[in-house]
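Each chain is listed here by its residues.
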Number of protein chains: 2
Amino acid sequence: MSEPFTPIHEVGEFGLIERLQTIVGDLADPDLIMGIGDDAAVYRLPDEETVHVITTDALIEGVHFDRLMTPMEHLGYKAIAVNVSDVVAMNAEPRYATITVGIPARLSVEMMEAFYRGVRRACEKYRMVLVGGDTTAAHMLCISVTVVGEARMDEVLFRRGARPGDLLCVSGDLGGAYAGLKILLEQRQALKEKGPDYQPDLEPFRYVIQRQLLPEARLDVIRDWRARGVRPRALIDVSDGLASEVHHLCRHSDCGAIVYASTIPVALETREVADRFAEDVDTYALFGGEDYELLFALPPEQLELLDPTSFSVIGEFLPADQGVQVQTPEGAIIPLEPAGYQHFRADNGTENEPPST
Amino acid sequence: MSEPFTPIHEVGEFGLIERLQTIVGDLADPDLIMGIGDDAAVYRLPDEETVHVITTDALIEGVHFDRLMTPMEHLGYKAIAVNVSDVVAMNAEPRYATITVGIPARLSVEMMEAFYRGVRRACEKYRMVLVGGDTTAAHMLCISVTVVGEARMDEVLFRRGARPGDLLCVSGDLGGAYAGLKILLEQRQALKEKGPDYQPDLEPFRYVIQRQLLPEARLDVIRDWRARGVRPRALIDVSDGLASEVHHLCRHSDCGAIVYASTIPVALETREVADRFAEDVDTYALFGGEDYELLFALPPEQLELLDPTSFSVIGEFLPADQGVQVQTPEGAIIPLEPAGYQHFRADNGTENEPPST
């Protein structure tokens, strides 16, 4: 007569979310335009021309970050930035943030002050205000941030809306945050093996480490769009990795897509890190998460409106029945799995070979 | 040359918050009416007649709750209700909630479903919608909720605004949640000592246990005020204990106050629990937290508008120079310390004697 006990790893994170969503998903509100299911929720305000968007994200010690590798000020900055990125991914401006922090006893007042200096710096950068919070004791450092953003009703962009023929575009470069993580993990291991006197030389990896520890929300990109009259048809931020986000856009837009791997923008330093580990930089770019760049569907006629240095065309939307594909640098066209290194590598043997350095 | 390390317990929770607030406190926004420093933040919407309020609160396993004593469905309900209570304490209606949950591996899918059933039940009860969330792995169960509420600009109530001569009033009864906690802790100890076959008889303590595990936000009270044209001058919810909240109202309103201990409403069951532990029920009522009743400053001329069964007059606001006082049931007038049992008991020796049972 004991209750059933299904371990969460058996259904996985997405399986769990799906089951939880059937419990709460049908709650309704007349002003709610988008509930759970996009980068942020969207609700109408009484003036009927403005909407607010709201998003929330947690960062948990030992799961999302390693305190040994993460300066507290960077952590505070990142906690805000990743939430702002979700607001930006709705084409909205961030306005207000709240934060709860569970603080373990081993942290000092000075560390928490550094954390909040990071929070402040992010708020200043994105021109928003921290309006509420809760600090409490905890066993591990756990941070939860909520950000409210604002947009004109006719400006909000969703994951849905892409059409076959639209260009698949991305801002900035990809794979860098993952490369930074690889370096940090390597250095942590070296520190463990060689003792506390070991002096890591991180200078050659400055860019990728910053991509990992101090990501930026691309608020500058959507502001530039507004100034130029650019209006993508669908938008998402790249938090879980390009492949996963392309699938989200396609599923929500009822489209297929093809990604040309050789056109994905990758920084030189990211390439050097992949070489260092004798790994394929395309897998970094396709499956590495946390770059927080913007991935969007652009009607081809808007191409000329954009600053060509600010983005890359990396593919094209197709009819839904074509699925989601990737053309490898070698020219093979294969299905693009939503996540996983392993899948991609298994499907395309040549990619497993270490690049020559 | 190592960094200074001040342990957080050295400055205390309020000391820490003060230091953190100096770092982020002066961020400004033209539409922000109230930032950090009340039960919720308040910002103006574009129609200029409506405001939104926002509040956030975390519940951490081992700090705010003991999983052994807390059914998951109750926990989900409470996580929403305590945040709604902060919205209600601004005289606003809850509209939207977001939640992040850090889930340890030892929890099952079924437990999380029960948790979300509680979340749903609370959303239905308070007629609001869960619009966003984030679930992630964690070492301990940690929950963070944010609630956005709505009010007409001229209806919002703050902690400030009370005037000398206003009546100090409270809804419902006090001390019950603390009594419930006492019983739950006693039963957990008995279970530990007597083994798993021990059958606790919790039926006589049903009311106080519910006050602890399943508190309600008093949305019904502020709706009743609206229907009757009642408009208190200042408002706060009783989450940290009556004494602490009276101090908040007085400090924000630049007033003093006197509380008549014998007029504080206490349920019979709460009294019985205090008797069981040979403790003074007035200390439960003054310092026990988590009752989530509403404490408000009422202009005397509005007394007749209220339903007399829905609230109690428990004191009066005084000029600031009179400080915050309490008249004990024995008639002595002594300073009311913002928190702490110990203070109160030390100041008034007779209260230390166990009541006769």
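Heads up: the structure comes first, above all this text.
Quick summary incoming for the structure in this document. (Residues numbered from 1 in each chain as written. Chains lettered and ligands numbered in written order. Predicted model: local features only at pLDDT ≥ 70, side-chain atom pairs only at ≥ 80, totals over all residues. Heavy atoms only, no water.)

1. Quick look at the relation of the copies chain B and chain A
When chain B is fitted to chain A, the best match, at an RMSD of 0.0 Å, comes from turning it 180° and sliding it 0.0 Å along the axis. Seen this way, the second copy is the image of the first under a two-fold rotation axis. It is Asp47 of chain B whose C-alpha, among those of chain B, lies nearest the rotation axis, at 2.4 Å. The share of interface residues of chain B whose copies in chain A are also at the interface is 100%, consistent with both copies meeting through the same surface. (Least-squares fit on C-alpha atoms with pLDDT ≥ 70 in both. Contact = heavy atoms within 4.5 Å.)

2. Let's talk about the environment of Ala97 of chain B
With respect to the helices, strands and loops of the structure, Ala97 of chain B is situated in strand β4 (residues 93-103). A sequence separation of 52 residues divides Ala97 of chain B from Gly149 of chain B, and the C-alpha atoms of the two residues are 8.9 Å apart. (Helix = DSSP H or I, 4+ residues; strand = E, 2+ residues; numbered from the N terminus.)

3. A look at the interface of chain B and chain A
Between chain B and chain A, the residue contacts involve 77 residues of the former and 77 residues of the latter. Counting each side, the surface lost to burial between chain B and chain A is near 6,300 Å², with a carbon and sulfur contribution of 68%. Here chain B and chain A share 8 salt bridges between them. Salt-bridge contacts for Asp26 of chain A lead to Arg120 of chain B; the nearest nitrogen and oxygen are separated by 2.5 Å. Remark: the boundary between chain B and chain A carries 26 residue pairs in polar contact (both at pLDDT 80 or more). Secondary structure elements with two or more residues in the side of chain B that touches chain A: α1 (8-24), β2 (41-44), β3 (50-60), β4, α3 (109-125), β5 (129-137) and β6 (142-152) of chain B. Considering every element that reaches the side of chain B that touches chain A, the biggest residue donor is α3 of chain B, with 11 residues. Residue classes in the side of chain B that touches chain A are distributed as 41 nonpolar, 18 polar and 18 charged. (Buried area = accessible area lost by both parts, 1.4 Å probe. Salt bridge = Lys/Arg side-chain N within 4 Å of Asp/Glu carboxyl O. Polar contact = N/O pair within 3.5 Å; in protein donor to acceptor, adjacent residues only side chain to side chain. Nonpolar A, V, L, I, M, F, W, Y, C, P; charged D, E, K, R; others polar.)

4. Quick look at empty space enclosed by the protein
Under the defined criterion, the tally for this structure stands at 2 cavities of 30 Å³ or more. If you go around the largest cavity, you meet 15 residues; those closest to its centre are Thr100, Cys142 and Ser144 of chain A together with Cys142 and Ser144 of chain B. Of all elements in the fold, only β3 (50-60), β4 (93-103) and β6 (142-152) of chain A together with β3, β4 and β6 of chain B reach the threshold of two or more residues within the lining of the largest cavity. For the lining of the largest cavity, the per-class residue count stands at 9 nonpolar, 6 polar and no charged. If you add up the space inside the second largest cavity, you get close to 70 Å³. Forming the walls of the second largest cavity are Ile60, Ala138, His139, Met140 and Cys142 of chain A together with Ile60, Ala138, His139, Met140 and Cys142 of chain B. Its residues assigned to classes, the lining of the second largest cavity comprises 8 nonpolar, 2 polar and no charged. (1 Å grid on protein atoms, 1.4 Å probe; cavity = no way out; pocket = protein on both sides within 12 Å on 5 of 7 lines; lining within 4 Å. Points joined across faces, edges and corners; volume = space filled by probe spheres on them.)

5. Structural notes on the pattern of salt bridges
This structure, assessed with the given rule, holds 56 salt bridges over all chains. Across the pair Arg159 of chain A and Asp38 of chain A runs a salt bridge, and its minimum N-O distance is 3.7 Å. Of the two residues, Arg159 of chain A is situated in the loop between β6 and β7 (167-171) and Asp38 of chain A in the loop between β1 (32-34) and β2 (41-44); the sequence distance between them amounts to 121 residues. As far as burial versus exposure is concerned, Arg159 of chain A and Asp38 of chain A are alike and both buried. In this structure, the salt-bridge partner of Asp154 of chain B is Arg152 of chain B, at a minimum N-O distance of 2.6 Å. Residue Arg152 of chain B is classed as partly exposed on the basis of its relative accessible area, which comes to 46%. A single network of salt bridges, built from pairs that share partners, joins Asp29, Asp31 and Arg44 of chain A together with Arg95 and Glu150 of chain B. (Buried < 20%, exposed > 50% of the residue type's maximum accessible area, 1.4 Å probe, protein only.)

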